[in-house]
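# Reading the structure
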Amino acid sequence: MTERTPADTVEVHPDAEALVTAAAARFVEIVVAAQAARGSASVVLTGGGTGISMLERVRESPGAIDWSELDIFWGDERFVPAGDGERNELQAREALLDHVPVDPSRVHPVAASDSEYPDPIEAAAEYSAAVHAHLAEHGSFDLHLLGMGGEGHVNSLFPDTDAVRETHELVVAVTNSPKPPPVRVTLTLPAVRRSRQVMLVVAGAGKADAVAAAIGAAKPVDIPAAGAQGMESTLWLLDKDAAAALS
């Protein structure tokens, strides 16, 4: 579970701006290659400042992406009302999705707290059904984007929690997140590992120790990012500050 694979790659960029530019270029490259190989592609988006900045950069330089042949999921979502600015979905739509010709039927958000699924467990089950349906048809996600917190969390998988220990379910509700808001819905590490390529985009000196621990094969229960591994490749894109503790 903690073994690193030969396919792991670490790229260090001089600053956050260069990091975001590189991540956006990789996003476009991976999606275009997947569509060329299989006719369509699927991505799992992440939130956070760096993740949303990357989506804005993709909007500026979308390359040859066929937006009508792209399935879009989210790694996690804050269980708040649909119009709440903290929703990853809303931020992604404002940064990118509202500005490109995506097929609405292929955008798969987590239900909001004021939807027909007002219970987070029900919302998780509804989202899980969409995830399972996609994987049953396509076998995997093509790309799972991840940010990382200073303690090593990815999605809403925090250290030493039931969610990061989950080994079977692909989607779970989190009702006691140590980072507000406390209620969330998240993909688990087994879901992350159903992705051909996992790309972690991390900036900032405050994350350097967790980056070094994750790349150094820490236990996922302690550093959840250590368990984020792709089926074909795992790519770490870092700025110089986030890479400062790497040997």
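Predicted model only: the values in this text are computed from it and were never measured.

Reading the values: the criteria
- Residues numbered from 1 in each chain as written.
- Predicted model: local features only at pLDDT ≥ 70, side-chain atom pairs only at ≥ 80, totals over all residues.
- Heavy atoms only, no water.
- Helix = DSSP H or I, 4+ residues; strand = E, 2+ residues; numbered from the N terminus.
- Rg over C-alpha atoms; globule rule 2.2 N^0.38 Å.
- Buried < 20%, exposed > 50% of the residue type's maximum accessible area, 1.4 Å probe, protein only.
- Contact = heavy atoms within 4.5 Å.
- Areas by Shrake-Rupley, 256 points an atom, 1.4 Å probe, with all protein chains shown as cover.
- Phe/Tyr/Trp six-rings, centres within 6.5 Å; stacked < 30°, edge-to-face > 60°.
- Arc of directions from axis to C-beta.
- Pairing = 2+ DSSP bridges.
- Axes fitted to C-alpha atoms, helices over the stretch in contact; angles between N-to-C directions.
- Parallel < 35°, antiparallel > 145°, perpendicular 65-115°, else oblique.
- Left-handed = near helix turned anticlockwise from the far one by under 90°.
- Nonpolar A, V, L, I, M, F, W, Y, C, P; charged D, E, K, R; others polar.
- UniProt positions renumbered as here; feature names shortened; annotations may be inferred.

## Some words on the overall build of the chain
- What the chain contains, in helices and strands, is seven helices and nine strands.
- Here the C-alpha radius of gyration of the chain, 17 Å, is about what a compact globule of 247 residues would show, namely 18 Å.
- Considering only C-alpha atoms, the chain reaches an extent of 50 × 40 × 30 Å along its principal axes.
- Within the chain, the proportion of its 247 residues that are buried is 52%.
- Across the chain, the fraction of contacts at a sequence separation of at least 24, relative to all contacts at a separation of at least 6, is 77%.
- In the structure as shown, the chain presents an accessible area of about 10100 Å², 51% of it carried by carbon and sulfur atoms.

## Thoughts on the packing of aromatic side chains
- Per the counting criterion, the structure on display carries two aromatic pairs.
- Both rings, one in F73 and one in F141, keep their centres 5.2 Å apart while their planes meet at 65 degrees; by these two values the pair is edge-to-face. In this pair, F73 sits in strand β3 (residues 70-74) while F141 sits in strand β5 (residues 141-146), placing the two residues 68 residues apart along the sequence.
- Residue F73 is classed as buried on the basis of its relative accessible area of 0%.
- Judged by its relative accessible area of 0%, F141 falls in the buried class.

## As for helix α7 (residues 208-215)
- When α7 is considered as a whole, its buried residues turn out to be A208, A210, V211 and A214. In a view along the axis of α7, the buried residues occupy a sector of 165 degrees, so they form one face of it.
- Residues of α7 that are buried in the fold lie against β8 (195-202) and β9 (233-239).
- Phi for A217, located one or two positions after α7, is positive at around 70 degrees.

## Points about the sheet that holds strand β4 (residues 76-78)
- Spatially, the three strands line up as an open sheet ordered β4-β7-β6, and their pairing is antiparallel. Of all the strands in the sheet, the pair left with one neighbour each is β4 and β6 (171-174). Across this sheet, the average inter-strand angle for adjacent strands is 15 degrees, counted without regard to direction.
- Here β4 pairs with strand β7 (residues 184-187) via three bridges, running antiparallel. Its bridge partner lying in β7, R78 is registered against R184.
- In this fold helix α4 (residues 120-138) packs onto β6 and β7, with an angle of close to 160 degrees to the strand it touches most, β6.

## Section: the packing of helix α1 (residues 16-38) against helix α2 (residues 48-60)
- The N-to-C vectors of α1 and α2 enclose an angle of 60 degrees; their axes lie 8 Å apart at closest approach. Relative to α2, the element α1 lies oblique. Helix-helix and strand crossings are classified by hand; for α1 and α2 the assignment is right-handed. Along the contact surface, α1 presents E17, L19, V20, T21, A23, A24, F27 and V28, while α2 presents T50, S53, M54, R57 and V58.
- Here the contact of α1 with α2 is built from residues that sort into eight nonpolar, three polar and two charged.

## Digging into the UniProt feature "domain: Glucosamine/galactosamine-6-phosphate isomerase" (unreviewed entry) in the chain
- Taking the UniProt record as the reference, the feature "domain: Glucosamine/galactosamine-6-phosphate isomerase" (unreviewed entry) is found at residues 14-236.
- As a span, residues 14-236 carries 35% helix and 17% strand, and end to end its C-alpha atoms are 14 Å apart.

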